[in-house]
Amino acid sequence: MAHSSSPTPFTVPGPARLAGRIRVPGDKSISHRSLMLSALAVGESRVEGLLEGEDVLATAAAMRAMGATIERGDDGIWRIYGVGVGGLLQPCQALDMGNSGTSTRLLMGLVASHPITATFTGDASLSARPMARVTVPLAQMGASIEASPGTRLPLMVRGACPAVPIDYELPVASAQVKSAVLLAALNTPGITRVIEPVPTRDHSERMLAGFGAQLTVEQGPRGRVISLTGEAELKPQSIVVPGDPSSAAFWMVAASIVPGSDVVIENVGLNPTRAGLVTALRMMGADITELDARVVGGEPVADLRVRHATLAGIVVPHDLAPSMIDEYPALFVAAAFAEGKTVARGAEELRVKESDRIAAMRAALEANGVTTEEHEDGLTVHGSGGEKIAGGGTVATKLDHRIAMSMTVAGLHARNAVTIDDIAPVATSYPAFYQQLETLSGRAA
Ligand SMILES: O=C(O)C1=C[C@@H](OP(=O)(O)O)[C@@H](O)[C@H](O)C1
Ligand SMILES: C=C(OP(=O)(O)O)C(=O)O
């Protein structure tokens, strides 16, 4: 499942204003969950608008390896025939998770309460990421885990059957950890509770309820309390996946920074637990209009019209961090073109993504003439006041799709060409990104 092992360099083809309409691919978080829950329902589920990126395909391959039938029809609709909660089969081979943290951590949860053993492997980026945040609660539920030093991949989970329900307060604001525990809870007798002091994306809760699981969410003194009754029976569903706000982020920033741009980004998911970048960009003065607000697949969605605007630096509110955690690289690019400085702190989680996104973005921006200051928990970026940045540098993407796409956007308003050392990782979340860039910049053949 890992993308091509030979790097694919890319030189951003000079300044271009962006104009036109674009439809972003399906939401990655919702796509993963739609495959996993469909694979645990008995009967046929259908998923429309699934993100067909490498990360989601890794989840599909793993669910097949554990017994589900998953097919893509010629109509683009995915049909999934599930095995039922408790019915996952022992995979014959290690599950190759490629570059995908979400696949790994959520599937570890599923395996943890089934009578099976699975080994998880991944690429160099994923193998460097911390897994203890998930193994700790799963071990409390009874799973046995053998991991590489530092609780990293390759890692083996031997499920407990029956697993034991726990009350678990998240020590880190992570939807992946929350979801791992909730997915393990599905095949665990009794009620499992997750206490979430800081709200994170709530797609698991929404979708579990949609599939018929008994789930309640209450506000307690220590935060949101999500209670799930185990040994659930999931009913097959028809799911429409809304567009990914994390993918829309690149066009929101690109249209904001390149003079003359005017873009409509269609079908963008605006779940409040995901929409932090829209808030931050508006605070900076971005011109973003929501058109045709509607509900798709139980999630709020709108088309976003974004026009070039003069941006001003801000202090990014800490409490926005969980709702824009994957969008910081794009936000740092917006900051590089703002008037004055932008200070983003309270985002130490960025250090354990596909790359250390604080260090990687600092190096990438500095290599292209942008002044920054690195903090343990964030970055300060000094903006150009709307002028082109110097450019001319090469970006080390570190197997991180979001670094590649963010710095491609920066290259759209630079005096000298920006080179990205490897754009292959973009296929993990946004296979059509470079094609759509050609369309929006009027360079399509
Ligand atoms: O649950 C999810 O689908 C995700 C949660 C976030 O990770 P954390 O849980 O580590 O914050 C995010 O960065 C990732 O891209 C997707
Ligand atoms: C952090 C990300 O994904 P994952 O954790 O699934 O690798 C991301 O897509 O930015």
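Criteria and thresholds
Residues numbered from 1 in each chain as written. Chains lettered and ligands numbered in written order. Predicted model: local features only at pLDDT ≥ 70, side-chain atom pairs only at ≥ 80, totals over all residues. UniProt positions renumbered as here; feature names shortened; annotations may be inferred. Helix = DSSP H or I, 4+ residues; strand = E, 2+ residues; numbered from the N terminus. Buried ≥ 20, exposed ≤ 12 C-beta atoms within 10 Å, placed from the backbone. Near = placed C-beta within 6 Å. Nonpolar A, V, L, I, M, F, W, Y, C, P; charged D, E, K, R; others polar. Domains from an automatic or database assignment. Expected span 1.5 Å × (residues − 1). Pairing = 2+ DSSP bridges. Axes fitted to C-alpha atoms, helices over the stretch in contact; angles between N-to-C directions. Contact = placed C-beta atoms within 7 Å.

### With respect to the UniProt feature "binding site: 3-phosphoshikimate" (unreviewed entry) in the chain
On the UniProt side, "binding site: 3-phosphoshikimate" (unreviewed entry) is annotated at positions that read Lys28, Ser29, Arg33, Ser174, Gln176, Asp326 and Lys353 here. Along the chain, Ser174 turns up in the loop between strand 10 (167–169) and helix 5 (175–186). By the secondary structure assignment, Lys353 is in the loop between strand 19 (341–344) and helix 10 (357–366). Under the C-beta neighbour-count criterion, Lys353 is labelled buried, with 21 such atoms within 10 Å.

### Notes on the site of ligand 2
The full set of residues close to ligand 2 is Asp55, Ser100, Gly101, Thr102, Asp326, Lys353, Glu354, Arg402 and Ser429. Taken together, the residues that form the shell around ligand 2 break down as no nonpolar, four polar and five charged. Among the domains, domain 1 (10–26 + 242–440) and domain 2 (28–237) are the pair contributing at least three residues each to the shell around ligand 2.

### Some points on the domain arrangement of the chain
Looking at the assigned domains, one finds that the chain contains domain 1 (10–26 + 242–440) and domain 2 (28–237). Considering only residue class, the side of domain 1 that touches domain 2 consists of nine nonpolar, eight polar and four charged.

### Points about helix 5
End to end, helix 5 covers 16 Å across twelve residues, agreeing with the expected 16 Å (1.5 Å per residue, within 8%). The buried count for helix 5 comes to twelve of twelve residues, which makes it a mostly enclosed element. For helix 5, the full list of buried residues reads Ala175, Gln176, Val177, Lys178, Ser179, Ala180, Val181, Leu182, Leu183, Ala184, Ala185 and Leu186.

### Brief notes about the sheet that holds strand 16 (residues 287–296)
Spatial ordering of the open sheet is given by 2-15-17-16, a layout of four strands whose pairing is mixed. Single-partner strands in this sheet number two, and they are strand 2 (19–23) and strand 16. Taking the axes of each pair of neighbouring strands and ignoring which way they run, one obtains an average angle of 15 degrees across the sheet. The sheet contact formed by strand 16 and strand 17 (residues 299–307) spans eight bridges and is antiparallel. Paired with Arg294 across the two strands is Val301, which belongs to strand 17. Across the face of the sheet, helix 12 (residues 433–440) comes into contact with strand 2 and strand 15 (262–269) while running at roughly 155 degrees to strand 2.

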